[in-house]
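# Per-entry structural report
Below, each chain spelled out in residue letters.
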Amino acid sequence: MRRGHIAVVAAAGALTMLAAVPAHAAEYSSALKIKGVQYDAPGRDSNSCATGNTDEEYLTIKNYSRTATVNLKGYVVRDSTRTNKFTFTKNHTLQPGDYVKLRGGHGTDSDANNVVYRNNCNFIWNNDKDTIYLYKPSGSHADTHAYTKTANDRDGNGYITYHG
């Protein structure tokens, strides 16, 4: 085979590989990524503020930068319907390698305990399928993941890991 033909075959193979990547697997330029989601709280779902388990549903967001500290103020998390969303309105800093669990229900936000509460007793994630969007304060995408219970939750515990 001649060199010109090799280059054409290699380019065609690269294009084929690019076309095979699903749209929901797009990578965005961001230090913050969705590490995982507890989309189905253990037990029977109850959004009662007094006795419910919405605080057992959470999203883990991690700072994957090796050097940059990131302030979560202004970041937005939402689901596929766009009606369920949360905006980080307070300063909450993540050091390189640090993470935060965004929990449902009511509680006290804590940098030391890596937790922020949505102060909302409604569940944000669907138990069968949903899409999780993380937006930067500028409005640009930081990370997005779609899931289905049957395809992504192999052990059936209601938790899915995205970035290790």
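Residue numbering note: each chain is counted from 1, following its sequence as written. A pLDDT threshold of at least 70 governs which residues receive local features in this predicted model, and a stricter bar of 80 or more applies before side-chain atom pairs are shown or counted, although totals over entire chains, interfaces and linings include all residues. Excluded from the side-chain calculation are hydrogens and water; included are all heavy atoms of the structure.

### Overview of the nonpolar core
Going by this rule: Nonpolar cores are built from buried Ala, Val, Leu, Ile, Met, Phe, Trp, Tyr and Cys residues. Side-chain atoms within 4.5 Å join them into one set. Only protein chains enter the accessibility calculation, which uses a 1.4 Å probe; a residue whose area is less than 20% of its type maximum is buried, one above 50% is exposed, and one in between is partly exposed. Helix and strand assignments follow DSSP, with helices taken as H or I runs no shorter than four residues and strands as E runs no shorter than two, numbered in order from the N terminus. Here, two residues are considered to be in contact whenever any of their heavy atoms come within 4.5 Å of each other.
Ranked by size, the top nonpolar core spans 23 residues in total, and within it Leu59, Phe88 and Trp125 carry the most contacts. Looking at this core, the elements that each hand over two or more residues are strand S1 (32-38), strand S2 (58-63), strand S7 (99-103), strand S9 (129-135) and strand S10 (141-148). Per-element accounting of this core gives the leading share, three residues, to S1. Not counting residues within four places of it along the chain, the set of residues in contact with tryptophan 125 comprises Val37, Gln38, Tyr39, Glu57, Leu59, Val77, Arg78, Asp79, Asp130, Thr131, Ile132 and Tyr147.

### As for the sheet that holds strand S5 (residues 85-87)
How we decide: Two strands pair under a simple rule: DSSP has to find at least two bridges between them. Structural elements are reduced to axes, namely lines fitted to C-alpha atoms, with helices fitted over the stretch in contact, and the angle between N-to-C directions of any two is expressed from 0 to 180 degrees.
An order of S5-S4-S9-S10 is seen for the four strands of this open sheet, with the pairing classed as antiparallel. Of all the strands in the sheet, just S5 and S10 have a single pairing partner and so form its edges. Geometrically, the sheet is characterised by an average inter-axis angle of 10° between neighbouring strands, direction not taken into account.

### Some words on the confidence of the model for the protein
Defined as follows: Every residue gets a pLDDT, meaning the predictor's confidence in that residue, from 0 to 100.
Taken as a whole, the protein shows an average pLDDT of 86; of its residues, 83% reach a score of 70 or greater. A low-confidence stretch, residues 1-25 (pLDDT under 50), is modelled with four contacts involving residues beyond four sequence positions or located in other chains.

### Things to note about the state of the cysteines
Heads up, the rule is: Disulfides are defined in this document as cysteine sulfur pairs within 2.5 Å.
Under the defined criterion, the tally for this structure stands at one disulfide. Disulfide pairing is shown between cysteine 49 and cysteine 121; the S-S distance is 2.1 Å. Looking along the S-S bond of the cysteine 49-cysteine 121 disulfide, the torsion reads about 125°, which is the right-handed sense. With cysteine 49 in the loop between S1 and S2 and cysteine 121 in the loop between strand S8 (115-117) and S9, this residue pair connects regions lying 72 residues apart in the sequence. The exposure class of cysteine 49 is exposed, given its relative accessible area of 52%.

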